[in-house]
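# Breakdown of the fold
The primary structure of each chain is shown beneath.
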Amino acid sequence: MARAVWSDRIGRGLAVLVLLIGSAARAQQGATTAPASMSAYRSAAESRPVEDRSVQADVASRRAAALDDALAGRFEKALAELHAIVQAGMDDPLAREAHDRIQAYLKRKTLVDEQRRNDYEYEIERIRWANLAQKHLEEFQAKPFCKDVRKLIKKRFADAYHDVGTADGFEEASADEARTMKETSLQKIDEAESLVRQAVEKLGGAKGPYFDEFRSEAQVLLGRLRANRQAWAAADPGTARGRWEAARKLEVLEERLADAVTDLEVLVSKKPWKIALLHGQLAKKMAPNAETVAKELWYRDMIADAERRGKDAMAEADWYDALAAYSALEELEPDNETYRDENKTVIRHVRVLRLYGPQKDLDATDDEEDDLPETIEQEDAVVEEADGPVWKELVEGVDADMVRKAVSRIGRSYVQAVDYRKLTRGALQSLKVLVQTPQVRETFPGLKDQAKREAFIASLNKELSDIEKPDHVRPLDLMRTLNNVLDRSEETVNLPVEVLSVEFADGFLNELDKFSTMIWPSEITNFNKSTMGQFTGIGVQITKERGEPLKVVSPLLDTPAMKAGIKAGDLITAVDGADTKTRSIDKLIKMIMGPPNTTVTLTIKRRGVPEEFDVPVIRQAVNIRTVNGWRRRGDGRWDYRLLGKPDVAYVRITQFTGTTIDDVKDALRQMRDAGVRSLILDLRANPGGLLPSATDVADEFLAEGDIVSTRGRQVPRTYKRARDSGLFLDGDLVVLVDQNSASAAEILSGALKDLKRAVIVGQRSYGKGSVQNVIPVRDDEAYLKLTTAYYYLPSNRLLHRKPGAKDWGVNPDVDVYVTPRQMRRLLQIRRKTDLLQEFDPELLRADLKRQYQADAQLDTALLILELLRLKHAEQDVLPVSEGVAAEG
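Let me begin by describing the structure that accompanies this report. (Residues numbered from 1 in each chain as written. Predicted model: local features only at pLDDT ≥ 70, side-chain atom pairs only at ≥ 80, totals over all residues. Heavy atoms only, no water.)

Applying the stated criterion across every chain, the model contains 13 aromatic pairs. Judged by centre distance (5.0 Å) and plane angle (85 degrees), the rings of Tyr210 and Phe211 are edge-to-face. Taking relative accessible area as the criterion, Phe211 reaches 0% and is therefore assigned buried. Measuring from centroid to centroid gives 5.9 Å for Phe504 and Phe508, while their planes differ by 75 degrees, and the two rings are edge-to-face. With Phe504 and Phe508 both in helix H25 (residues 497-509), this residue pair falls 4 residues apart, about one helical turn. Looking at Phe504, the relative accessible area reads 1%, which means it is buried. Taken together, the ring pairs in this structure connect Phe140, Phe145, Tyr210 and Phe211 into an aromatic cluster. Taking NZ or CZ as reference, Arg248 lies 5.0 Å from the ring centre of Trp244, over its face. The ring centre of Tyr792 lies 3.6 Å from the NZ or CZ of Arg711, which sits over that ring. (Phe/Tyr/Trp six-rings, centres within 6.5 Å; stacked < 30°, edge-to-face > 60°. Buried < 20%, exposed > 50% of the residue type's maximum accessible area, 1.4 Å probe, protein only. Helix = DSSP H or I, 4+ residues; strand = E, 2+ residues; numbered from the N terminus. Lys NZ or Arg CZ within 6 Å of the ring centre and 35° of its normal.)

What follows is the structure, encoded as structure tokens:
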């Protein structure tokens, strides 16, 4: 909800509430009102007596002010003024249409806001729930049945629950697969119900608040399991329509069931405080008034508890608990420097554990450790092959000379003056963390020798002491420190030079900013793929569950995979004969990609086909499409016209690559040919990309003005100006942004906002307004990605969010908040409508309608476009008003 809306006086809000309750019939009519006939309106205005035209001029002025309020997000204020005009009996079709459209919108918005309040209250209740579990944790763990109850809920129930089919899976399955899924789901729900009852029985006569809540929540869960069972029993697997209708019922029940499952799992968690912190972060984000949350008792208690747990975890070197505490604290209190610094330290320890620690599932929570069966039959277990230590892949091809060259470039190019003393400290502390982490001793045998390990640590401490002595620390001092470290390692613990180089570089770059980093040889391919939008492969989106084969999400348009007949939903059971169940997705991606004009053979299992079959696919250059429309046409290409709005187009840019501008131009040409004059440009969740790509896109909408300027310490100030050559210079434009719109997406949306070319709708953007140059440090083998400048919008405003900043990013003209739950529902629908797959046109239309109804920000954008249309229509009659004013 727009902040300006809630700043209106309570009296006006009550008046608006009355307006929303009344005039229901007119609101319904307004949703389908045809645009007013401006020629008739103008003729009627000109025929009025002078005194009537004077009144009409006053009405036009009031209506114009109301439209301006609405376009700035002050919808209640606008509605009150328009209502006064309509109630006064003024014959003003523009005011009436604006009134009815805003009224209908606010009714829909009331429901969205109610969902937000419900989601907020749910999170608060979950915090209370987790705190209850934490308070009574020792009491629960002291009971003899504790382990059995945990195993029943966290292992056996969880396994049965996860084997229940999903709404999406049922909808996408073939008739035979859906029948099997239905049968399995009914069996697993029965099993899950039985396990919950067994857990309750284990409690026996235990009494107290905790056990009473457990029994109560178990009954809620049983009720929701029964509701899901009834829906599965009634589901029709035989037809696409039957599966679609069943899925619509199941998805609602699934969400409610998932909430109940989570609630019961919290009660048997070993560390409920972590769950309370997660819900606390969500609650603060979706609170109707975030500023008042910090004053709430539950919030103050949560902060104090997290701080205490974070300190204790650091003292005990329990880095995962420390990370849970301090990452939450930094998120909740971003201006607190202590939390920020402590989290930075903790992240470094966790990074070392994950990269160099024992090769096991480090993502597993503490709760999972005791929930495994006491014995596992090996023939029943599917374990993925280890593809080799992750760290060996990362450091392959690295040498110390790359680090030296990176050091030499920092001072010449970094955006601010460089404190080399601080950088040297960071590099040495990074190495100390590595050496002092016990879990990495199995990885690096030289660290097992205590005497050698202590000798190496002593040498690092000496370097730390020495770096504090000189008045000035230069780049050569940082390089000298690296050389000393390499020499002392060789004499003592003999760590691999590649590892020392990577950790040393990561340590000093982390002292600059979070966007400056090294791109090592092993990362070059993925870096080029993500920034240039091109790679060599077959062009297919894939996903993988542990122990399962690869699954095709969708082939990409005009790619080798599509041409070879690969379809959404196909299972890839083997790549060149190698089983995909037992290999990681990263390993399989590398196997599928390869040099151009070479062949990879995929073994496919397809719905409705009894036998697996091989598909040879010739690898080629693949362009990643970053521009999407509203719906797929029959040929797989995008139709950009919005559902039910042939005069409105919708374009979503997922990131900015070298190919983005060509796809944007193609979309704009299609719009021009179709006579479309209004556009919604969706930049939500766009992480950015290439600056030239973003400015090229901006050129398509701007006739003049500076798009962006860059300033750095060592680089000249540069400007990028619009060239007056775009394909959409005049039409109405609304841009959608959210908290995940970053970098290039912020440059585009910020320029369109500052130059008054577009209305921005959504949430404040991320605030990543720094320029990173990619500097080669070894031909094309490795790069230094270094922050060299900051972006400034046409208004001379800095985009970048610096520590402690109160203003950053792009602020929307109309603020519309979407809760995580609301966004999840939207993305679930969008995932289906985006896929390149065979579809039933009628069901696709139904899904697109659901997508629109689930998207409050899109709904707001459409209202803005309608109001802009009325604003233009208003200007057609402006000369009449001017004439009256002259006569008066």
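Next comes the rest of the description.
As a further point, take empty space enclosed by the protein. Using the criterion set out here, one finds 2 cavities of 30 Å³ or more in the structure. As a volume, the second largest cavity reaches approximately 30 Å³. For the second largest cavity, the full set of lining residues is Val651, Ile653, Val664, Ala667, Leu668, Leu679, Leu681 and Phe701. Taken together, the elements giving at least two residues each to the lining of the second largest cavity come down to strand E14 (645-653), helix H29 (660-673) and strand E15 (678-682). Ranked by residues supplied to the lining of the second largest cavity, first place goes to H29 with 3 residues. When its residues are assigned to classes, the lining of the second largest cavity shows 8 nonpolar, no polar and no charged. (1 Å grid on protein atoms, 1.4 Å probe; cavity = no way out; pocket = protein on both sides within 12 Å on 5 of 7 lines; lining within 4 Å. Points joined across faces, edges and corners; volume = space filled by probe spheres on them. Nonpolar A, V, L, I, M, F, W, Y, C, P; charged D, E, K, R; others polar.)

This next bit is on the pattern of salt bridges. Taken as a whole and judged by the stated rule, the model has 64 salt bridges. Ionic pairing is found between Asp401 and Arg778, a salt bridge with its closest N-O pair at 3.8 Å. Pair noted here: Asp401 is in helix H21 (residues 400-413) and Arg778 is in strand E20 (residues 770-778), with a separation of 377 residues, a long-range link. What makes Asp401 partly exposed here is its relative accessible area of 30%. A network of salt bridges, in which partner residues are shared, links Glu97, Arg101, Lys645, Glu866 and Arg869. (Salt bridge = Lys/Arg side-chain N within 4 Å of Asp/Glu carboxyl O.)

Our next topic: the pairing of E15. The element E15 is largely enclosed, with a buried count of 5 among its 5 residues. Residue alternation in E15 divides its side chains into two sets, Ser678, Ile680 and Asp682 and Leu679 and Leu681, and both sets are buried. One ladder, built from 5 bridges, connects E14 with E15; its direction is parallel. Pairing of Arg652 across the sheet is with Asp682, part of E15. As a crossover connection, the stretch from E14 through H29 into E15 is right-handed. Of the strand pairs in this sheet, E15 and strand E18 (residues 732-737) are connected by 5 bridges, and their pairing is parallel. Bridge pairing in E18 places Asp682 opposite Leu736. (Pairing = 2+ DSSP bridges. Right-handed = clockwise from strand over helix to strand, strands pointing away.)

Before going further, it helps to examine the side chain of Glu866. Its location among the elements puts Glu866 in helix H34 (residues 856-876). A residue is classified by how much of its surface remains accessible, and Glu866, at 16% relative accessible area, is buried. Aside from chain neighbours lying at most four places away, what touches Glu866 is Arg101 and Lys645. (Contact = heavy atoms within 4.5 Å.)

Turning our attention to unusual backbone geometry. The phi angle at Asp724 is positive, at roughly 55 degrees, despite the residue not being glycine. Tracing the backbone through its elements, the reader meets Asp724 in the loop between strand E17 (718-721) and E18. One non-glycine residue, Ser743, lies in positive phi territory at about 55 degrees. By the element assignment, Ser743 lies in the loop between E18 and helix H31 (744-754).

Here helix H6 (residues 75-87) contains 13 residues, and its C-alpha end-to-end distance of 18 Å stays within 8% of the 18 Å for a straight helix at 1.5 Å per residue. If you check which residues of H6 are buried, you get Phe75, Glu76, Ala78, Leu79, Leu82, His83, Ile85 and Val86. In the segment just after H6, Gly89 is the residue with positive phi, at about 80 degrees. (Expected span 1.5 Å × (residues − 1).)

Inspection of the secondary structure puts Glu548 in the loop between strand E3 (540-543) and strand E4 (550-555). You can call Glu548 partly exposed: its relative accessible area is 42%. With 32 residues separating them in the primary sequence, Glu548 and Thr580 have C-alpha atoms 7.4 Å apart. Apart from the residues lying within four places of it in its own chain, the contact partners of Glu548 are Thr580 and Lys581.

A few words now on the packing of H6 against helix H7 (residues 93-135). Packing of H6 against H7 brings their axes to within 9 Å, and their N-to-C directions diverge by 140 degrees. For the element pair H6 / H7, the angle class is oblique. Like other packed secondary-structure pairs, H6 and H7 cross with a definite hand, here left-handed. Every residue of H7 that contacts H6 at Phe75, Glu76, Ala78, Leu79, Leu82, His83, Ile85 and Val86 is listed here: Ala95, Arg96, Ala98, His99, Ile102, Gln103, Tyr105 and Leu106. Classifying every residue of the contact of H6 with H7 gives 11 nonpolar, 3 polar and 2 charged. (Axes fitted to C-alpha atoms, helices over the stretch in contact; angles between N-to-C directions. Parallel < 35°, antiparallel > 145°, perpendicular 65-115°, else oblique. Left-handed = near helix turned anticlockwise from the far one by under 90°.)

Attention now moves to the packing of H7 against helix H12 (residues 209-234). Close contact between H7 and H12 brings their axes to 10 Å; oriented N to C, the two are set at 130 degrees. If you check the angle between H7 and H12, you find them oblique. For the pair H7 and H12, the crossing hand works out as left-handed. Between H7 and H12, the contacting residues are Arg128, Trp129, Leu132 and Ala133 on the first element and Pro209, Tyr210, Glu213 and Glu217 on the second. A breakdown of the residues in the contact of H7 with H12 according to their chemical character gives 5 nonpolar, no polar and 3 charged.

So, on to the side chain of Arg126. Topologically, Arg126 is positioned in helix H7. When its relative accessible area of 8% is taken as the criterion, Arg126 is described as buried. When residues no more than four places from it in sequence are discounted, the contact partners of Arg126 are Asp263 and His279.

With 28 residues, helix H11 (residues 175-202) should cover 40 Å at 1.5 Å per step; its first-to-last C-alpha distance of 41 Å lies within 8% of that length. Among the residues of H11, those classed as buried are Ala178, Lys182, Ser185, Leu186, Ile189, Ala192, Glu193, Leu195, Val196, Ala199 and Val200. Looking at the buried side of H11, the elements it contacts are helix H9 (146-162), helix H10 (167-172), H12 and helix H13 (240-267). Downstream of H11 by one or two residues, Gly204 has phi in the positive range, about 60 degrees.

So, on to the nonpolar core. Counting residues in hydrophobic clusters, the biggest one holds 57 residues, and the most contacted among them are Tyr356, Ile410, Phe444, Leu495, Phe508, Trp520 and Leu784. Ranked by the residues each element gives to this core, the list is headed by helix H22 (residues 420-435), at 8 residues. Residues in contact with Ile410, not counting those within four places in the same chain, are Val418, Tyr420, Leu423, Phe508, Leu509, Leu512, Arg713, Leu784 and Leu786. Residues Ala130, Val164, Val196 and Ala206 belong to the second largest nonpolar core, which totals 49 residues. (Core = buried A, V, L, I, M, F, W, Y, C linked by side-chain atoms within 4.5 Å.)

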